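Coordinate inspection notes
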Amino acid sequence: MIPGVSMNDHGFSRRSALQATGVVGAGLGLGTFGATSASAAAPDAARAARSAPPSSAETMIGVPFEGRDTIRLGIIGLGNRGTGMLEVFLALEGVRVTALCDPVRESAEAAAKKVTDAGQPKPTLYTKGERDFEKLCQRNDLDLVYVVTPWGWHFEMAKAALEGGKHVGVECPMAMTIDELWKLVDLSERTRKHCMQLENCAYGKNEMRVLRMAHEGLFGDLLHSAGAYIHDLRELMFDPDYYEGPWRRRWHTRLKGDLYPNHGFGPAANYLDVNRGDRATHISSFGTPALGLAAYREENMPKGHESWKESYVKSDMTMSLVQTARGRVIRLEQNVSNPHPYDRLNVLAGTKGVFEDYPERIYLEPDMSGHEWGDFADYAKWDHWLWKEHSNPPGGHGGMDYIMLFRLVQCMRLGIVPDFDVYDGATWSTPVPLSHASIKAGGAPQEIPDFTRGLWEKERSGIDSEKPK
């Protein structure tokens, strides 16, 4: 999938590209690895419809972690996100950071200092080129590998971690093609190691409260949900330091559809018990013209800037409708190219009422009448036990990062089943290739594979977990 020497779209190595833009050693991107393989930019539509290839291994549904007092952690990618999450991991009891990997040595050294400042031994560093992560994954003293790099590397690194006998947590999306998602499902089953999408928005305080209320029947029979990632990233995508090079912007030259569905799809899928009694079956997507990035470039970038060689095709606003086996509907939206306040929509509606976020508001019968929104704060008693125990958690994104990692580490240390598995991460990532295929086909529905191979019909717990005893 990725050649021995990683190349970007124009044939230059990542380090050459960074040198050309003057950002080698900055260590400030979401991740610090280079561009992706060309194959990720051209999903195989025929294979996208493949529902359930045969498997020679048993399911990972309901498989607990092994249980251990200390979780030995390796992190691949030490840019903005990787460094921030390292600090959260260091705040958790029972985590030892054993190995760090980033091709920018200065980023790895700075991260290692955070580890030693926290009172832990200096971790082993892997900084010798873009494929040094393979050596990290081959170590025999790691329990969990955390992948926090540009999207095109997620599959290759998760694959290496699983083949090295490690559990792996991946930033979103988990992979960029349907074939890659199936391969991660197969590898997780074959190696008996969990491959997990670390979807922090599913652990948001509002999302977890709404999830518990839905399971308690407060919304009645559930009908539809909505989620989004609407976030004006124009300035950041043209900033050579923030994402450390143009990798994120260049995905807008490759795919038309929803490049970042997980923050919206994950919580919505949880509300509707997708893979736990219901299943996402089809997606139909539509997109606006791709105008926002070109307009921003026209107003802000000098004529000699590298971005003038780019032609943007990704729809500014992507809108998708996901159908479920039980007849319910999930609406997904994504826009990072136009002026708009941050919004994830976060909607759930049923026969007894509706919740809508940004701003948060609720209407439930029989509690309310007169068609006036009620105060969501009145339902604080439905907060998840994690938020009741950690009412003011440290870390970014309002504490949801901490809640997510605390729970993951708790599950690993206690030897219990994780809240999410490879089937969830694979499902939440399918809109990346399938929305692109649908838009190219005029909105024609695309089949979402059943990664559980028929086991979705069985109800089971997920993020709405019970407190361990």
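Residues numbered from 1 in each chain as written. Predicted model: local features only at pLDDT ≥ 70, side-chain atom pairs only at ≥ 80, totals over all residues. Heavy atoms only, no water.

Looking at the nonpolar core
F89 and F219 are the most contacted members of the largest nonpolar core, which totals 114 residues. Here the element with the most residues in this core is helix α14 (residues 400-414); it accounts for nine residues. Per-domain counts for this core show at least three residues from each of domain 1 (71-197) and domain 2 (201-384 + 421-447). Once residues within four sequence positions are removed from consideration, F89 is found in contact with L73, I75, V95, L144, Y146, L405 and V409. If you look at the next biggest cluster of nonpolar residues, it comprises 19 residues, including C172, L233, Y243 and M301. (Core = buried A, V, L, I, M, F, W, Y, C linked by side-chain atoms within 4.5 Å. Buried < 20%, exposed > 50% of the residue type's maximum accessible area, 1.4 Å probe, protein only. Helix = DSSP H or I, 4+ residues; strand = E, 2+ residues; numbered from the N terminus. Domains from an automatic or database assignment. Contact = heavy atoms within 4.5 Å.)

Remarks on empty space enclosed by the protein
Tallying each qualifying case throughout the model produces two cavities of 30 Å³ or more. Its volume calculated, the second largest cavity comes out at about 40 Å³. Taken together, E207, S225, A226, G227, H263, G264, P267, A268, Y271, R344 and N346 make up the full set of residues lining the second largest cavity. Sorting the residues of the lining of the second largest cavity by element identifies β7 (222-230) and α11 (262-271) as the ones contributing at least two each. (1 Å grid on protein atoms, 1.4 Å probe; cavity = no way out; pocket = protein on both sides within 12 Å on 5 of 7 lines; lining within 4 Å. Points joined across faces, edges and corners; volume = space filled by probe spheres on them.)

Comments concerning the packing of aromatic side chains
Going through the model one piece at a time under the given rule, you end up with 15 aromatic pairs. Clustering of aromatic rings is evident, with ring pairs tying together W151, Y229, Y242, Y243, W247, W251, Y260, Y342 and Y358. Here the basic side chain of R248 rests over the ring of Y260, its NZ or CZ set 4.9 Å away from the ring centre. Against the face of W308 rests R297, its NZ or CZ located 4.6 Å from the ring centre. (Phe/Tyr/Trp six-rings, centres within 6.5 Å; stacked < 30°, edge-to-face > 60°. Lys NZ or Arg CZ within 6 Å of the ring centre and 35° of its normal.)

What about the sheet that holds strand β3 (residues 124-126)?
Spatially, six strands are ordered β3-β2-β1-β4-β5-β6 in an open sheet, and the strand pairing comes out parallel. If you trace the sheet from one side to the other, it starts and ends with β3 and β6 (195-197), each paired once. Adjacent strand axes in the sheet meet at a mean angle of 25°, parallel and antiparallel pairs treated alike. When strand β1 (residues 71-76) meets strand β2 (residues 95-101), the two strands line up parallel, connected through six bridges. Residue pairing for β2: I71 is matched across the bridge by V95. Contacts between helix α4 (residues 105-117) and the sheet are confined to β2 and β3, with β2 contributing the most and set at about 170° to the helix. (Pairing = 2+ DSSP bridges. Axes fitted to C-alpha atoms, helices over the stretch in contact; angles between N-to-C directions.)

Comments concerning the confidence of the model for the chain
Close reading of the predicted structure is inappropriate where its pLDDT is low. Taken over all residues, the pLDDT of the chain has a mean of 90, while the share at 70 or more is 89%. Contacts from residues 1-32, a stretch scored under 50 in pLDDT, to residues over four places away or in other chains number 95 contacts. (pLDDT = per-residue confidence, 0-100.)

A look at the side chain of N262
Checked against the element boundaries, N262 lands in helix α11. Given the relative accessible area of 0%, N262 is considered buried. Among the polar contacts made by the side chain of N262, one reaches the side chain of S429 at a distance of 3.3 Å. For N262, the residues in contact, after removing those within four places along its chain, are C172, P173, Q197, E199, P267, W428 and S429. (Polar contact = N/O pair within 3.5 Å; in protein donor to acceptor, adjacent residues only side chain to side chain.)

Regarding the packing of helix α3 (residues 80-90) against α14
The N-to-C vectors of α3 and α14 enclose an angle of 60°; their axes lie 10 Å apart at closest approach. As the angle between them shows, α3 and α14 are arranged oblique. In this structure, α3 meets α14 at a crossing whose hand is right-handed. Between α3, through R81, M85, V88 and F89, and α14, the contact on the second element is made entirely by D401, Y402, M404, L405 and V409. Along the lines of polarity and charge, the residues of the contact of α3 with α14 split into seven nonpolar, no polar and two charged. (Parallel < 35°, antiparallel > 145°, perpendicular 65-115°, else oblique. Left-handed = near helix turned anticlockwise from the far one by under 90°. Nonpolar A, V, L, I, M, F, W, Y, C, P; charged D, E, K, R; others polar.)

Here's the deal with the pairing of strand β12 (residues 353-356)
Note: strand β11 (residues 347-350) against β12, three bridges, orientation antiparallel. Opposite L348, over in β12, you have F355 as the bridge partner. Where β11 folds back onto β12 in an antiparallel hairpin, the turn is made up of two residues. In this structure, β12 lies alongside strand β13 (residues 361-364), joined through four bridges in antiparallel fashion. Among the inter-strand pairings, E356 is bridged to a residue of β13, identified as R361.

Examining the packing of helix α6 (residues 154-163) against helix α7 (residues 178-191)
Relative to each other, α6 and α7 sit at 10°, their axes nearing to 10 Å. Taken together, the axes of α6 and α7 lie roughly parallel to each other. From α6, F155, A158, K159, L162 and E163 reach across to α7, where they touch E180, K183, L184, L187, S188 and T191. Among the residues forming the contact of α6 with α7, the class breakdown is five nonpolar, two polar and four charged.

Comments concerning unusual backbone geometry
The omega angle of the peptide bond from C172 to P173 is -5°, so this bond is cis rather than trans. With respect to the element layout, P173 can be found in the loop between β5 (167-170) and α7. Residue Y358 is joined to P359 through a cis peptide bond whose omega torsion reads 0°. For H397, which is not a glycine, the phi torsion comes out positive at approximately 55°. On the secondary structure map, H397 appears in the loop between α13 (385-389) and α14.

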